[in-house]
Every structure is written in C-alpha cells, then in structure tokens.
Amino acid sequence: MHPIASQLLGKTDVGGSRCNPAAAAVLLLLCLGFLPSVATCPPCCLCASDIISCSGCNLSVLPFDLPSYATRLDLSHNALTVLHADWISQPFDRLAALILSKNSVSRIEVNTFNLTLHLLHLDLSSNQLTVLNSSIFTGLKELKELLLFGNQIVQINPGTFSDLYSLQRLYLSTNRLTVFPLWLFEESGGPHNLTFLDLSYNRLPKVPVQSLLNLTREGGIYLQENPLVCDCALLALQDYWMWKQYRPLVDFRGEYPCKEDAGLECSQQGVSDMPLEAPTYQVDPGNWLRVPCPGLTLPVQEGLVVFWVTPSTALNSSTNDLSAHVTVLPNGTLEIRGALIEDSGTYGCVVARGRYTDPSESLEISVVVGNLTTTSASGLVHRNGAEHFNTAFTTLASCVVSIVLVLLYLYLTPCRCRESRAEGSRGCGGRAIILCSDPSDVESGQRRSNGKRVAFLEPQAEDSNSGDPKPPVMNVGHVTTEGILKNGSRTVGQTLTDPAQMA
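Within each chain, residue numbers correspond to sequence positions counted from 1 in written order. Under the rules for a predicted model, residues below a pLDDT of 70 receive no local features and side-chain atom pairs below 80 are neither given nor counted, while totals for whole chains, interfaces and linings still include all residues. To obtain the side-chain values, all non-hydrogen atoms of the structure were used and water was disregarded.

With that settled, the discussion passes to the sheet that holds strand 14 (residues 280-283). Whether two strands pair depends on DSSP finding at least two bridges between them. Strands here are runs of E lasting at least two residues and helices are runs of H or I lasting at least four, both read from the DSSP assignment and numbered beginning at the N terminus. Read across the sheet, five strands follow the order 14-21-20-16-17 without closing on themselves; strand pairing throughout is mixed. Every interior strand has two partners, whereas the edge strands, strand 14 and strand 17 (314-316), have only one. Along the sheet, successive strands turn relative to each other by an average axial angle of 25°, direction set aside. The contact rule is simple, with two residues in contact once any of their heavy atoms fall within 4.5 Å. Axes here mean lines fitted to C-alpha atoms, for a helix over just the part in contact, with angles spanning 0 to 180 degrees between N-to-C directions. Here helix 5 (residues 232-243) sits on the sheet in contact with strand 16 (307-309), strand 20 (345-350) and strand 21 (364-369), set at roughly 135° to strand 20.

Rendered as structure tokens:
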C-alpha cells in the first residue's frame, strides 16, 4: 500500500468505527493512477544507497517495483533468457552500470536499452548469445565498456555497434568467431574511439596483418589462443610487435602460434644486420625519394611480402598502387613520389626475419620533407633555412650594436671638471658635463676647438649657509654655437658670454 494511504488509514475516530475521508480520497487517486507509487527494495534484493543487487534471485523477469534511482544494478546469476524491448518498466536515468552476466540470455531485441541511455558499463558475459543483430545497442552513445566474453557468438552483423560512439573497451574473448571483425573499425558511426579489443580464445584462422599494423598503433588487440596459421606475414607482424614491446604480445608470448623456431624458412630470404640507430632521409617538396628496408638485402626472393608502417597508414609490397604517391616496390623499397610536408615522420619496415628482433636494433627510418619547421607525429623537429638566416642576422645586429656602444664609451668619455682659481669660480659649480671626442683631452685638460662637444647644464642648488651671491651657472665664453650644434661646419659668429642669454 502507498505510504501516504497507510498513514491516512491509520487516523480513525476515537471509537475506531469510521475511516478517515482523506484516506478514501487517496485510495481513489491511486486507483485512477494520479499518484505515483513509491518503489521499495524487492525482498530478494539488497539495496545500499544507489546500488541495487538482485544477484542470485532466480529471476526470469525484472521486478516491477524496482527503484529507479540506482546508478548500479546487478542482475547476475539469474534466469533471464530474452531481453525484450519492454523488459524494464520505467526509465533508469541515473543508471551507469548494468550487470547481466551469468544468465541464460540468448536473444536481445532492438530498443532493449532505450530506458537506460546513460549506461557506461554493460556486462553481458557468460550468457548464450550466438548472433549479434544490428541495432541491439541503439541509444547507448555514452557506453564506454562492453563485456561479451564467455558466450557462443559465431556472427556479428554489421551495424551492431553503430551507435556506440564512446566505446573504448570491447571484450569478445571465449566465443566462436571465425572472421576478424574488421568492419568494426571501418563502418560509419562505429566505435572509432576503441582502444582495447579482446578476441582471444576464438576460432580465427588468420588476421589482416596490414590492417592490424595500422590499428595497433593507438590501441591493443589481443589474439592469443586462436588457431592462426603461422606464415611469413604473421611472423613479420609478431616480430615487429615484439620489437615495439606490444603488451598484448609480450604478456602472452607463449600463446601465439609462431614460436622462436617457426620462421626459419622466412629467415633465409635476405635478412641482414639492421642499423642500431634510425637513419634520416631528407627530400625537397615535390621530389621523389626511395628508401630501402633496414636489414633487408637485395634482391628479395619471390613471395616475400614487405610491409611499411607510415605515419598515416600501412602498406605492403604485394598491392602496389601506382596512383598513390607513397608505395612499396616489389623489392621492399619505400617510394615517395612528389613528396609533401605531411609525409615527414617515422616509417617502420616490417618483414619476416625469423627471430624476435633485438630492441637495440632499428626497424624504422625518419623522413624529412623540406626545411620547414614542423613537428611530425613521431616528434621529429626540423628547421628551415630562413630561420637560420634570421638567427644569424639577429646575432650580427647584436654584435654591431655592442661595438657601437663600446666606441661611444671610449670616445665620448665625460670630461672632468677643472677648477679655475684665476677666474674665481668654484670648479664645477654648474655641474657641467662635456662629452669629449678624445679621452686624452680629459687627462691633459686641453680642448680642441674643432671637436664636437655637447654640454649638459644642470642648475646648481642654492647654498642657504653662504651669503655669497649665486655664481653664474657656467661661463661658456669659450664655447661657441659651433660647439653646441652637432654640425661643426656651420659657424655662427656670436659667442654666448652672458648666462642669461642661454635661457
């Protein structure tokens, strides 16, 4: 019974013979559906704050009055078989984690998760799913982790994950897949942010080596314990992953088919010592460049496939596209036609060498196109000639300015003030500073009439303790206008003798 109705029904008269009229009204509203019912925790479930666990309750359907405020709902170890579109009776707007593992779910209908649109984690592991149909996960645009391991999945139809824009981790191990789901990365609207894919313990006989070289640059793909056919291409992939210390291979090194001695036939196809450091090749924009594969001797025997991992994609020597400006020749040489600035970066050569490559040896080369100052995807920085010119010009200008300042200091040294007792002055009473053109004038006290001199006049502060009249600021009777003006060739016949005339 609704809590409000229970409280109202409990309020009776003193004699207890009449029911409260308000309670009757509430019951009528409940019957008509105008008052929402308050969900309570089902008897077999455990409710702790916003976590609800109904694990092991042998449920075949979801309880009708399940609280919708949950952020985590655990329905594992039950008897659910089919997830219908209406299997949830009310929206779970706050639900972030839904656990449906250890049930008997064999079919999921379209729009099953329309009332749980904010899921971040969905666990459907250890069920009986065999086919994943299109659009069964429609609406889960915020889902980040999906667990489907431990089922019997043999087929994944295109469009199954078309709405999972935010999906980062997908677990598909321990199923019955026989085809690598490459479309998972290629279809529009798919999980393009996928960084973790577990395909271990399936039935994959082969994998697209070239696509994996491109995909595993940013994410991890686990392939251990699959019946993969060990050929030279797979050995090359495994050898390159080991050199790159690729975690899915390093952690499960003994669970891959290509062991240490499995590639002896491939190792006899012209593999020599590899350089210890990555060589750098430079080419001007628009020109052609050919780069040999590190450690691969020519000529290459027929049938050997050489892969190159470029900054944007992966290429191989068996599918040579003459229209592309970056190709791999049949002998394994990388050819760049009409080089672009975007072609700068690190290139890795992948070839079956029959052994795990020493990490100290280099399977990669660096390509620099032009002299522009750019930072490639590999972190390679190269500078242009204009920048070197600007740096040299700045250095030269700094040197010239320094020399000029030194010359000014040496040849325009301030002249010392000389006292002239004969004229009755008190030396530098006017604090005159005269810049001399020759430092020897300062020592000898001589002045040359044709030298350029600049006089800076500073009024002398009055001496309050002296009763003598204020002396003139400066007697510049010997300084003509020619000495004050910068242009010494221009002569003015008038000589300033009265300090008042200087104002």
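With respect to the helices and strands, K144 occurs in the loop between strand 8 (131-132) and strand 9 (145-147). Sequence spacing of K144 and Y165 is 21 residues, and the spatial spacing of their C-alpha atoms is 8.7 Å. In this structure, K144 is in contact with L120, S166, L167, Q168 and R169, ignoring residues within four places of it in sequence.

On to the state of the cysteines. Note on terminology: pairs of cysteine sulfur atoms within 2.5 Å are recorded as disulfides. All told, the structure shown has three disulfides when counted by the stated rule. Each sulfur of the disulfide joining C293 and C349 lies 1.7 Å from the other. Disulfide C293-C349: the torsion about the S-S bond is -100°, which places it as left-handed. Of this pair, C293 sits in the loop between strand 15 (289-291) and strand 16 while C349 sits in strand 20, and the two are 56 residues apart along the sequence. For the pair C293 and C349, a shared accessibility class is recorded, and that class is buried. Summary of cysteine pairing: C57 is not part of a disulfide, and the nearest cysteine sulfur, belonging to C44, is at 3.1 Å. Only protein chains enter the calculation, and the probe is 1.4 Å; a residue is then buried if its accessible area is under 20% of its type maximum, exposed if over 50%, and partly exposed in between.

It is worth spelling out helix 5 at this point. Helix length check: helix 5 (twelve residues) gives 16 Å between terminal C-alpha atoms against 16 Å at 1.5 Å per residue, within 8%. Of all twelve residues in helix 5, eleven are buried; the element is thus mostly enclosed. Three or more residues of helix 5 are buried, namely A233, L234, L235, A236, L237, Q238, D239, Y240, W241, M242 and W243. Each residue after the first adds 1.5 Å to the expected span of a helix.

This part covers the packing of aromatic side chains. How two aromatic rings sit relative to each other is set out by the distance from centre to centre and by the angle between their planes. Stacked, edge-to-face and tilted labels apply to pairs of Phe, Tyr and Trp rings (six-membered ring for Trp) whose centres lie within 6.5 Å, assigned for plane angles under 30 degrees, over 60, and everything in between, in that order. The final tally for this structure, using the stated rule, is nine aromatic pairs. Here F137 and F161 contribute two aromatic rings whose centre-to-centre distance is 5.9 Å and whose plane-to-plane angle is 10°, an arrangement assigned as stacked. Residue F137 is located in the loop between strand 8 and strand 9, and its partner F161 is located in the loop between strand 10 (155-156) and strand 11 (169-171); the two are separated by 24 residues in the primary sequence. Under the relative-accessibility criterion, F161 is labelled buried at 1%. Here the aromatic rings of F161 and W183 are separated by 6.4 Å at their centres, their planes lie at 15°, and the arrangement is stacked. Here W183 lies in helix 3 (residues 183-186) and F161 lies in the loop between strand 10 and strand 11, a separation of 22 residues in the sequence. Taken together, the ring pairs connect F149, Y171, F196, Y222 and F252 into an aromatic cluster.

The topology assignment puts R176 in the loop between strand 11 and helix 3. In sequence terms R176 and Q155 are 21 residues apart; their C-alpha atoms lie 8.2 Å from each other. Ignoring sequence-local partners within four residues, the contact set of R176 consists of Q152, I153, V154, N202 and R203.

Burial within strand 20 is extensive, with five of its six residues counted as buried. Inspection of the sheet shows strand 16 paired to strand 20 by three bridges, in the antiparallel sense. Within the sheet, the bridge partner assigned to W308 lies in strand 20 and is C349. Bridge count for strand 20 against strand 21 is four bridges, and the pairing is antiparallel. Note on strand 21: the bridge partner recorded for G345 is V367.

This part covers the sheet that holds strand 1 (residues 46-48). Strand order in this open sheet of nine strands is 1-2-3-5-7-9-11-12-13, and the pairing throughout is mixed. Where the open sheet ends on each side, the last strands, each with one partner, are strand 1 and strand 13 (220-222). Looking at each pair of strands side by side, their axes are set apart by 5° on average, direction ignored. Inspection of the sheet shows strand 2 (residues 51-53) paired to strand 3 (residues 72-74) by three bridges, in the parallel sense. For I52, the partnering residue across the bridge sits in strand 3 and is L73.

This part covers the side chain of R337. Here R337 is to be found in the loop between strand 19 (334-336) and strand 20. Assessed through its relative accessible area of 16%, R337 is described here as buried. Within polar-contact distance, the side chain of R337 engages the side chain of E335 at 2.6 Å. With residues near it in sequence (within four places) discarded, R337 still touches N287, W288, L322, A324, H325 and T327. Polar contacts, as counted here, are pairs of nitrogen or oxygen atoms within 3.5 Å of one another; within protein the pair requires one atom able to donate a hydrogen and one able to accept it, and residues that are adjacent in sequence qualify only if both atoms are side-chain atoms.

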